[in-house]
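Coordinate analysis (summary)
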Amino acid sequence: MSVRNIITLPDEKILRQVSKPVSSVDAHARAVFDDMLETMYDAPGIGLAAIQIGVAQRLLVVDLSKEGEPKKPLFVANPEIIWASDDISDYEEGCLSIPDFYEMVDRPKEIKMRYLDRHGEAMELHAGGLMATCLQHEIDHLNGVLFIDHISKLKRDRVVKKFLKADKLGKL
Ligand code: GNR
Ligand code: NI
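Our subject in this report is the structure included herewith. This structure is a prediction, so every number in the text was calculated from the model and none was measured.

**Let's talk about the overall build of the protein**
Secondary structure summary: the protein contains four helices and seven strands in total. Shown N-terminal to C-terminal, the secondary structure of the protein runs as helices and strands in the order α-α-β-β-β-β-β-β-β-α-α. In terms of overall size, the protein behaves like a compact globule, its C-alpha atoms giving a radius of gyration of 16 Å where 172 residues would be expected to give roughly 16 Å. C-alpha atoms of the protein, sized along the principal axes, occupy 45 × 40 × 35 Å. Looking at the protein as a whole, 42% of its 172 residues qualify as buried. Excluding contacts between residues fewer than 6 apart, the proportion of contacts in the protein whose partners are at least 24 apart in sequence is 63%. In the protein, the 23 positive side-chain charges and the 28 negative ones have mean positions that sit 6 Å from each other.

This is how it looks when you write it as structure tokens:
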């Protein structure tokens, strides 16, 4: 296991890629999961998609456990949202690929997700609250979508510009 570099804006060439389904959750996929988890804990963050470490596969990890509590990692391959509530909730989101930027995002309050777990077993999960928000945020990453795509164009353009400028000045 190793902590990997997290891809950030302005690197949209990578972050905008649509990740490919894994053909099976094999030893290689599990090795990617392990690096993702270690990278997420190190950051720290509550979720991470494989593309954030430059791997364009439909893999994500989430762990909502609080500091000092036993860890509760969730390993997700090839997720599909099979139901989303009409009820919407808003939550202030951030992203390890867009450091130090936070905005309120509206999303379905509850979802049902089908996926393969760490052992390749088919699973279903009904999620609400922060888990539902986080899973939707991570599944967006698998489709090349960032949370800033859910906010106003004015705010999005402003933050993308900020990262472009910082990159040019060599600050990232
Ligand atoms: O660590 C993270 N926190 C967070 C807070 C609110 C909504 C979504 C997230 S996910 C984020 C880590 C990340 O960038 N995952 O892709
Ligand atoms: Ni993110």
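**Here we look at the site of ligand 1**
Near ligand 1 lie 13 residues; those nearest to it are Ile-46, Gln-52, Leu-96, Glu-138 and His-141. Residue Glu-138 places a side-chain N or O atom 2.7 Å away from an oxygen atom belonging to ligand 1. When ligand 1 sits alone it has 390 Å² of accessible area, and the protein chains cover 91% of it. Looking at the shell around ligand 1, the elements with two or more residues in it are strand E4 (88-95) and helix H3 (129-142). Across the shell around ligand 1, the residue classes tally to four nonpolar, six polar and three charged.

**A closer look at the packing of aromatic side chains**
Here the structure, examined in full by the defined rule, presents two aromatic pairs. Aromatic pair Phe-33 and Phe-75: ring centres 5.1 Å apart, planes at 65°, arrangement edge-to-face. Taken together, the residues span a long stretch of sequence, with Phe-33 in helix H2 (residues 27-42) and Phe-75 in strand E3 (residues 74-84) at a distance of 42 residues. Owing to a relative accessible area of 0%, Phe-33 belongs among the buried residues under this scheme. Judged by relative accessible area, which is 13%, Phe-75 ranks as buried. A cation over an aromatic ring shows up here: Lys-112 above the ring of Trp-83, its NZ or CZ 5.5 Å from the ring centre. Lying over the aromatic face of Phe-75, Arg-118 brings its terminal NZ or CZ to 4.7 Å of the ring centre.

What counts, and where the lines are drawn
- Residues numbered from 1 in each chain as written.
- Chains lettered and ligands numbered in written order.
- Predicted model: local features only at pLDDT ≥ 70, side-chain atom pairs only at ≥ 80, totals over all residues.
- Heavy atoms only, no water.
- Helix = DSSP H or I, 4+ residues; strand = E, 2+ residues; numbered from the N terminus.
- Rg over C-alpha atoms; globule rule 2.2 N^0.38 Å.
- Buried < 20%, exposed > 50% of the residue type's maximum accessible area, 1.4 Å probe, protein only.
- Contact = heavy atoms within 4.5 Å.
- Lys, Arg positive; Asp, Glu negative; His and termini not counted.
- Charge placed at Lys NZ, Arg CZ, Asp CG, Glu CD.
- Near = heavy atom within 4 Å.
- Polar contact = N/O pair within 3.5 Å; in protein donor to acceptor, adjacent residues only side chain to side chain.
- Areas by Shrake-Rupley, 256 points an atom, 1.4 Å probe, with all protein chains shown as cover.
- Nonpolar A, V, L, I, M, F, W, Y, C, P; charged D, E, K, R; others polar.
- Phe/Tyr/Trp six-rings, centres within 6.5 Å; stacked < 30°, edge-to-face > 60°.
- Lys NZ or Arg CZ within 6 Å of the ring centre and 35° of its normal.

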